[in-house]
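# Geometric and topological summary
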Amino acid sequence: MTAAKYLIQRPCTFIVAAFALVLGASGHASANEEVIIASTGGAYDKALREAWFDPFTKETGIAVKTVAATNAEMRAKATAMVKTGNVSWDLFMQGEIQAMSPQHLETAADISDFCRNLDGREDLVADACRPGGIRLQSTATLLVYDRSNASAPVPETWADMWDTKRFPGGRAFPNFDDPWRVMAAALLADGVPRDKLFPLDVDRAFAKLDEIRPSVSVWWKTGDQSVQGFRNKDYSLGQIWLTRATALKAEGHPIGWSYKAAFLVGDRVALLKDAPNRENALKLMAYWLNNPKAQARACELLSCTPPSNLAIEMMSAEVRASMPSPVDIEEHIIVPDAEWINANAPRLLERWNAWIR
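Rules and cut-offs
Residues numbered from 1 in each chain as written. Predicted model: local features only at pLDDT ≥ 70, side-chain atom pairs only at ≥ 80, totals over all residues. Heavy atoms only, no water. Disulfide = S-S within 2.5 Å. Helix = DSSP H or I, 4+ residues; strand = E, 2+ residues; numbered from the N terminus. Buried < 20%, exposed > 50% of the residue type's maximum accessible area, 1.4 Å probe, protein only. Salt bridge = Lys/Arg side-chain N within 4 Å of Asp/Glu carboxyl O. Polar contact = N/O pair within 3.5 Å; in protein donor to acceptor, adjacent residues only side chain to side chain. Phe/Tyr/Trp six-rings, centres within 6.5 Å; stacked < 30°, edge-to-face > 60°. Lys NZ or Arg CZ within 6 Å of the ring centre and 35° of its normal. Pairing = 2+ DSSP bridges. Arc of directions from axis to C-beta. Contact = heavy atoms within 4.5 Å.

Moving on, we come to the state of the cysteines. Here a disulfide denotes a covalent bond joining the sulfur atom of one cysteine to the sulfur atom of another. Tallied over the entire structure, the rule returns 2 disulfides. Through a disulfide, C115 is tied to C129; the S-S separation comes to 2.1 Å. Because the torsion about its S-S bond is -80 degrees, the bridge between C115 and C129 counts as left-handed. Of this pair, C115 sits in helix α6 (residues 112–116) while C129 sits in strand β4 (residues 129–130), and the two are 14 residues apart along the sequence. Residue class for C115 comes out buried when judged on its relative accessible area of 10%.

What follows deals with the pattern of salt bridges. Within this structure, the stated rule accounts for 19 salt bridges. Across the pair D113 and R116 runs a salt bridge, and its minimum N-O distance is 2.0 Å. Taken together, the positions of D113 and R116, both in helix α6 and 3 residues apart, correspond to about one turn of that helix. Of the two residues examined, D113 and R116, each falls in the exposed class. Residue D178 pairs with R181 through a salt bridge whose shortest N-O separation is 2.6 Å. The exposure class assigned to D178 is buried, which follows from its relative accessible area of 8%. Salt bridges sharing partners connect three or more residues here, namely E96, D127, R135 and R268.

Turning next to the side chain of D178. If you trace the backbone, D178 turns up in the loop between β6 (171–174) and α8 (180–189). Polar side-chain contacts of D178 include one of 2.6 Å to the side chain of R181.

Attention shifts here to the packing of aromatic side chains. As enumerated under the stated definition, the model contains 17 aromatic pairs in all. Look at W52 and F53: their rings are 5.0 Å apart centre to centre, the planes differ by 40 degrees, and that puts the pair in the tilted class. With a relative accessible area of 0%, F53 lands in the buried category. One aromatic cluster is present, built from ring pairs that chain together W162, F173, F206, W219, W352 and W355. The side chain of R213 reaches across the aromatic face of W355, ending 4.3 Å from its centre. The cationic tip of K249 hangs over the ring face of W257; the distance from NZ or CZ to the ring centre is 5.0 Å.

Among the 14 residues that make up strand β5 (residues 133–146), 13 are buried, leaving the element largely enclosed by the rest of the structure. Note: β4 against β5, 2 bridges, orientation antiparallel. Directly across from R130, in β5, lies its bridge partner G133. Turn length for the β4-β5 hairpin, with the two strands adjacent in sequence and antiparallel, is 2 residues.

This paragraph deals with helix α11 (residues 242–250). For α11, a buried count of 7 out of 9 residues is recorded, marking the element as mostly surrounded by other parts of the structure. Residues of α11 that are buried include every one of L242, T243, R244, A245, T246, A247 and L248, and no others. Positioned one or two residues after α11, G252 has a phi angle of 105 degrees, which is positive.

Moving on, we come to unusual backbone geometry. A cis amide bond links F198 to the next residue, P199, at an omega of 0 degrees. For P199, the location among the structural elements is in the loop between α8 and α9 (202–212).

With that settled, consider α9. Regarding α9, the residues found buried are V202, A205, F206, K208, L209 and I212. Each buried residue of α9 sits inside an arc of 160 degrees when the element is viewed along its axis, so together they form one side. Opposite the packed face of α9, turned more than 90 degrees from it, sit the exposed residues D203 and E211. Looking at the buried residues of α9, the elements they touch are α7 (158–162), β6, α8, β7 (216–220) and α17 (338–356).

Rendered as C-alpha cells:
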C-alpha cells in the first residue's frame, strides 16, 4: 500500500451511527468498572488521555488506567501474560508492522466480529479495524533536528544525518526490538534508491552504521527518552517519532523535521486474549473509531493522521498544513515492507544485538 493511501484518504460523505450498536447497552457503568491499557507513556499518553480516555470515562463511567512500557516491554509482557494465563492488561499498543505478523495473533484476541459492526463506514480508512487490532493513528519515524541556530544549514536527508562535518553535533537512534528503520536509514544514506530499499542489504547497512556510531550520543528506548536529549542538548539530530517531535515543539523547543527522511509507521490498539475487562476494552476501542472529534483532538496534539476522514476535516488548517505534502508522500516517505520485515525479524534483531553491544 502506498503512503498516499495511508495519509490522504478519500472525502467522506456520511458516518454510520454505529456507536450504540458497538458499545452495547447504554448508560453509565457501575462503580469500579475499568479498562487497563498499556502505552508508551509521557506526552503521548497525556494527549490520548485528554482526547480519548477522559471523554470516554465521562460518557461511560468506565475508568481508563494506563501502564507505561516500551514497545518491546509491551510485547514481551503481553506474550508472557497470555502464556501463563495471568492476564492483567486489557489492551496494549502495537506498532503497525508487528501487528501484521502471525506472532501477534498468538497474543492478541481476534476481533473480527467487532470489526464487522463497522462495515459500511465510508469515513474510515479501509484497514481501520483488523483482526489484530484497531488503527490508532498513522505517523512517521523521521529525521528531527535542533533549530537553536536559525542561520545553520538545515538537514533534509539521511545522507545529511551521516554528514557530521556540515551538520555537527551528537546523533540519536532507536535501540529496541525492530531495528529495520535504523538499517534502512543507513542504506538510504549510502545511496540506495528508495525503490530498491527492500529487501534490506544488512551487511551494507552495518558497514554504514559503523561510520556514524562514534557520533551517536543516545540509543533511545522510549519515546520520552528520544526527545529528552534535545531538551538536554545531548544531540542535534535524531531519528525520532513525529508524534514525539510534535509534542516537544509544542513545549517551545526549537526543532524541525524532514519528510525527505521519513518512514511511514503507525500504531494499533490490540485486545489481549482473556482480557479481564474485555467488554469495557471493546467499548473503549469503539469509542475511538466512532468519535472523529476525539481522533482530531489527539492528532492535533501529536501531528498524526487519524483513521477517520471526518477527523481530518475537523483538524485546524495549521496542523493540516504541517502534514506531508503530496510531493512528500509520493517522492520521499517510504512505506516499509512489513511482510519482509516480519519474516526476517529474528535475523535482524540477532545481528543488531551483536552489533550494538
